[in-house]
Amino acid sequence: MNNVLATIVKTLLNLGISPNTKGYHYLRDVILICVTSEEHITTFSKTLYAKLAEKYHSSECSIERAVRHAIKSGWYRHNEELAGTIFMNTLQSTNDVPTNSVFISTVSEWIRVNYTNMI
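Residues numbered from 1 in each chain as written. Predicted model: local features only at pLDDT ≥ 70, side-chain atom pairs only at ≥ 80, totals over all residues. Heavy atoms only, no water.

Trainee: What exactly am I supposed to notice about a positive patch on the surface here?
Mentor: A contiguous patch of positive charge on the surface is contributed by Lys-22, Arg-65, Arg-68 and Lys-72. With respect to the helices and strands, the residue Lys-72 is situated in helix 4 (residues 60-75). (Patch = residues over 30% accessible without salt bridge, like charges linked within 9 Å, V, L, I, M, F, W, Y side chains within 5 Å. Areas by Shrake-Rupley, 256 points an atom, 1.4 Å probe, with all protein chains shown as cover. Salt bridge = Lys/Arg side-chain N within 4 Å of Asp/Glu carboxyl O. Lys, Arg positive; Asp, Glu negative; His and termini not counted. Charge placed at Lys NZ, Arg CZ, Asp CG, Glu CD. Helix = DSSP H or I, 4+ residues; strand = E, 2+ residues; numbered from the N terminus.)

Trainee: Can you walk me through helix 4 in this structure?
Mentor: Helical geometry note: an α-helix holds 3.6 residues per turn, so side chains three or four residues apart project in the same direction. With 16 residues, helix 4 extends 22 Å between its outermost C-alpha atoms, agreeing within 8% with the 22 Å of an ideal straight helix rising 1.5 Å per residue. Listed as buried for helix 4 are Ser-62, Ile-63, Ala-66, Val-67, Ala-70, Ile-71, Gly-74 and Trp-75. Of the surrounding elements, those touching the buried residues of helix 4 are helix 2 (22-36), helix 3 (47-56), helix 5 (80-87) and helix 6 (100-114). (Expected span 1.5 Å × (residues − 1). Buried < 20%, exposed > 50% of the residue type's maximum accessible area, 1.4 Å probe, protein only. Contact = heavy atoms within 4.5 Å.)

Trainee: I keep staring at helix 3 and nothing clicks. Help me out?
Mentor: When we look at burial in helix 3, the residues that qualify are Leu-48, Tyr-49, Leu-52 and Ala-53. An end-on view of helix 3 places all buried positions within 140 degrees of arc, on one side of the element. Within helix 3, the exposed residues directed more than 90 degrees away from the buried face are Glu-54 and Lys-55. Here the buried face of helix 3 lies against helix 2, helix 4 and helix 6. In the segment just after helix 3, His-57 is the residue with positive phi, at about 50 degrees. (Arc of directions from axis to C-beta.)

Trainee: What is the right way to read the packing of helix 1 (residues 2-14) against helix 2 from this model?
Mentor: When two helices pack together, their arrangement is given by the angle between the helix axes and by the axis-to-axis distance. Across the interface, helix 1 lies against helix 2 with an axial gap of 10 Å and an inter-helix angle of 130 degrees. When the axis of helix 1 is compared with that of helix 2, the two are oblique. Two packed elements cross with a definite hand, and for helix 1 against helix 2 that hand is right-handed. Between helix 1 and helix 2, the residues in contact are Val-4, Leu-5, Ile-8, Val-9 and Leu-12 and Tyr-24, Leu-27, Arg-28, Ile-31, Leu-32, Val-35 and Thr-36, respectively. (Axes fitted to C-alpha atoms, helices over the stretch in contact; angles between N-to-C directions. Parallel < 35°, antiparallel > 145°, perpendicular 65-115°, else oblique. Left-handed = near helix turned anticlockwise from the far one by under 90°.)

Trainee: Before we go on, may I ask you to explain the pattern of salt bridges in this structure?
Mentor: For side chains of opposite charge, pairing can occur when their charged atoms come near one another. The full count for this structure, using the stated rule, is 3 salt bridges. The salt bridge partner of Arg-28 is Asp-29, with a shortest N-O separation of 3.3 Å. Accessibility assignment for this pair places Arg-28 and Asp-29 in one class, buried. Taking the shortest distance from any N to any O, the salt bridge between Asp-29 and Lys-55 comes out at 2.9 Å. Residue Asp-29 is found in helix 2, and its partner Lys-55 is found in helix 3; the two are separated by 26 residues along the sequence. By relative accessible area, which is 8% here, Asp-29 ends up buried.

Nothing here speaks to function; it is all geometry.
Now the structure itself:
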């Protein structure tokens, strides 16, 4: 589990998501849930926001907004090569900022596929 978390943290940092951004912690946790889930969540579900809202004593709307802010602010600082490897052809152009669901599901699947020995 620690190896999976370390991989998630390294991936988020390389994608430009700063740990001092509130949404960073939410992203880290929701990706961990998706990667380690028995059901192998491949499509994003709003129930994940509800889980985080309960854990952090916040609202689902606040969680969603913070995640969107973290993705958007980090997108302009990300490692181009890694982003290209992870997102491949899921985005229309290199200037496209992925939606919350695309970011979370794509990063989760990429980690699950490439690091299955750690899970």
